[in-house]
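# Working through the structure, step by step
One letter stands for each residue in the lines below.
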Amino acid sequence: MSKLPVYEIFGPTIQGEGLYCGYRTVFLRLAGCDYKCSWCDTKHARRISDAREILSEEEIIERLNSRAEQITRRITITGGNPCIHELERLVELLHQQNYKIHIETQGSIIPPWLYKVDHVCISPKPPSSGNITEILSFADFMLSEISKELKVVVKTGEDYTYARQVHSEYKSCPLILQACTDNDPVLVLKWLIEKASADPCLGDNIKILPQLHALIGID
Ligand code: SF4
C-alpha cells in the first residue's frame, strides 16, 4: 500500500475534452506536475504539496465507488501529470473492480504502468505553453497497442504548426485540436475551425473541439 497526493475526486460528470468528450466518467485528480504551462487551467494542483488529501489506493477506490456506483465504470485519472506517480497498484485494483482507466498526460514521462490502462490521452504541450513537449519523447509508447489519442491545445499560429508536426509524426492516431480557453475560447475555436478545415495536410483523423466544460462553466 502506498499513499497518493489527491487534489480532488469528482463526478460523475462528462469528459469535457478529447475523443471521449461527452461520455460520462468520474475523475481522480492527482496533485503534482513536471511542467508549468502558462495557460494551465489547473495551476492550483501543480505542486504535490497542493494535495488536499493523502490517500491510500484502497481509500481512493472507496471514494470512487461511492460516486461511480450504478452510473459509470469509467475513471479518468488526471492532474497535474499523473505519470509522475507510481500507479501500478492503483491500476491493478481498479481493474479488479472492473473500471476502465483513462489517463491524461502530456507525454513527458512514460511509466511502465501506462501500458496497462485502457485509454491514454497524450497532450503534448505546444510553444504558447512555455514548455514544449519533445514530439519523439513518447514515440515508443505510440507503437504500443494501447488505445490512445493525441490532443494539442492551440492558441497561436505557432501552436498550430506544432500540432501539424505531431500529426505528421503519428498519422494513424486520432488528433484532437483543442481551442485554448485562455482568453476568448469561441474566437479561437472559430479561427481554428477555419484554418484546419482548409488544411490539406490534416486528413480525416483529426477533430476540432472546444474544452466543453470550460465553455459552459462546469467542472
Ligand atoms: S502539463 Fe497540464 S497540468 Fe501540467 S502545467 Fe501544463 S497544463 Fe498544467
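Throughout what follows, the structure given in this document is the object of discussion. (Residues numbered from 1 in each chain as written. Predicted model: local features only at pLDDT ≥ 70, side-chain atom pairs only at ≥ 80, totals over all residues.)

Most of strand S5 (residues 100-105) sits out of view: 5 of its 6 residues are buried. By the bridge criterion, 4 bridges tie strand S4 (residues 74-78) to S5 in an arrangement that is parallel. What sits directly across from Arg74, in S5, is Lys100. Of the crossover connections in this fold, the one passing from S4 over helix H2 (residues 88-96) to the parallel S5 is right-handed. Two strands pair when backbone bridges link them, and S5 and strand S6 (residues 119-122) are joined in this way by 4 bridges, in the parallel orientation. Across the sheet, residue Thr105 finds its bridge partner in S6, namely Ile122. (Buried ≥ 20, exposed ≤ 12 C-beta atoms within 10 Å, placed from the backbone. Helix = DSSP H or I, 4+ residues; strand = E, 2+ residues; numbered from the N terminus. Pairing = 2+ DSSP bridges. Right-handed = clockwise from strand over helix to strand, strands pointing away.)

Looking now at the sheet that holds S6. Taken in spatial order, the 9 strands make up an open sheet running S3-S1-S2-S4-S5-S6-S7-S8-S9, and their pairing is mixed. At either margin of the open sheet sits one strand with a lone partner, and together these are strand S3 (53-56) and strand S9 (206-209). Geometrically, the sheet is characterised by an average inter-axis angle of 30° between neighbouring strands, direction not taken into account. Alignment of strand S1 (residues 3-14) against strand S2 (residues 24-30), held across 6 bridges, turns out to be antiparallel. Paired with Ile14 across the strands is Arg24, a residue of S2. The sheet strands contacting helix H5 (residues 185-197) are strand S7 (148-154), strand S8 (175-179) and S9, and the helix crosses S8 at an angle near 140°. (Axes fitted to C-alpha atoms, helices over the stretch in contact; angles between N-to-C directions. Contact = placed C-beta atoms within 7 Å.)

Quick look at the site of the ligand now. With respect to spatial proximity, the complete set of residues near the ligand consists of Cys33, Tyr35, Lys36, Cys37, Cys40, Thr42, Arg46, Gly79, Gly80, Asn81, Gln106 and Lys125. Along the lines of polarity and charge, the residues of the shell around the ligand split into 4 nonpolar, 5 polar and 3 charged. (Near = placed C-beta within 6 Å. Nonpolar A, V, L, I, M, F, W, Y, C, P; charged D, E, K, R; others polar.)

Between helix H1 (residues 57-68) and H2, the shortest axis-to-axis distance is 10 Å and the interhelical angle comes to 40°. The angle between H1 and H2 falls in the class oblique. In the packing of H1 onto H2, the handedness of the crossing is right-handed. Every residue of H2 that contacts H1 at Glu57, Ile60 and Ile61 is listed here: Arg89, Leu90, Leu93 and Leu94. Classifying every residue of the contact of H1 with H2 by side-chain character gives 5 nonpolar, no polar and 2 charged. (Parallel < 35°, antiparallel > 145°, perpendicular 65-115°, else oblique. Left-handed = near helix turned anticlockwise from the far one by under 90°.)

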